[in-house]
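# Fold and geometry: a report
Here are the chains, one letter per residue:
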Amino acid sequence: MEEKYGRSWVIPVSSLMAAIIASTAFYLDLFYDWSWYIMLFIGLTFTTPGLMRYVICHKWKPIEAKIINSENLSRAYVSWAGASMSNCYQADIEYNIGETAFRAKMTSTFPFKKNKIIFYNPVAPSVFTQNKNPGLYGLGFLVLVVLSILKGFGHR
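Rules used throughout
- Residues numbered from 1 in each chain as written.
- Predicted model: local features only at pLDDT ≥ 70, side-chain atom pairs only at ≥ 80, totals over all residues.
- Heavy atoms only, no water.
- Pairing = 2+ DSSP bridges.
- Helix = DSSP H or I, 4+ residues; strand = E, 2+ residues; numbered from the N terminus.
- Phe/Tyr/Trp six-rings, centres within 6.5 Å; stacked < 30°, edge-to-face > 60°.
- Buried < 20%, exposed > 50% of the residue type's maximum accessible area, 1.4 Å probe, protein only.

### Let's talk about the sheet that holds strand β1 (residues 61–72)
Taken together, five strands build an open sheet; the order of strands is β5-β4-β1-β6-β7 and the sheet is antiparallel. Where the open sheet ends on each side, the last strands, each with one partner, are β5 (100–108) and β7 (128–129). Across two bridges, the pairing between strand β6 (residues 115–120) and β7 is antiparallel. Looking at the pairing, Y120 lines up with F128 of β7.

Spelled out as structure tokens, the structure:
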């Protein structure tokens with residue numbers, strides 16, 4: 001089973017973080033513009049998955065998985081904006097941890113090669129992810145927090 005980085009937690013966690021930052025800033029009389037709170041909430045909603053991915057997966061171990069079967073699920077579609085292509089590939093993978101073999105399905109927007117490096121959870125080896133880095137969205141989270149702090153100190 002591929003871990004989706006706690007996506008079900010995104011709205012509650014970003015709401016809680018924005019509320020904590022907003023209430024602290026309001027209590028300390030740091031921000032005077034409500035649009036900043038709205039932008040902060042929207043920004044946290046988009047950047048929290050990157051942070052969650054890093055928090056959940058940063059200690060997971062890499063292993064090479066063998067691609068058993070891959071399928072191209074890409075399709076063209078037409079919308080009001082014009083014609084477009086949806087790239088999606090699905091693969092059946094197998095990886096061994098000790099004497100135990102695990103099989104799973106995973107998807108990607110890029111074609112699969114013969115092998116793929118995945119990261120598995122040492123506590124539950126059947127759970128894995130393709131990428132464990134915070135990525136640009138995780139770095140965006142840090143930028144939002146730093147900007148919030150700097151904006152708050154700018155009013156003092």
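### What to know about the packing of aromatic side chains
Applying the stated criterion across every chain, the model contains two aromatic pairs. Pairing Y95 with F102 gives two aromatic rings, centres 5.4 Å apart and planes at 20°, and the pair type is stacked. Neither Y95 nor F102 differs from the other in exposure class; each is buried. With centroids separated by 5.9 Å and ring planes inclined at 70°, the aromatic side chains of Y95 and F128 adopt a geometry described as edge-to-face. Within this pair, whereas Y95 is found in strand β4 (residues 89–97), its partner F128 is found in strand β7, the two being separated by 33 residues in sequence. Relative accessible area serves as the criterion here: at 1%, Y95 is assigned to the buried category. An aromatic cluster of at least three residues, connected via ring pairs, comprises Y95, F102 and F128.

### Topic: the pairing of strand β3 (residues 82–86)
With five bridges connecting them, strand β2 (residues 75–79) and β3 associate as antiparallel partners. Each bridged residue has a counterpart across the sheet, and for R75 the counterpart in β3 is S86. Between β2 and β3, which pair antiparallel and follow one another directly, the connecting turn spans two residues.

Purely spatial values, then, with no claim about function.
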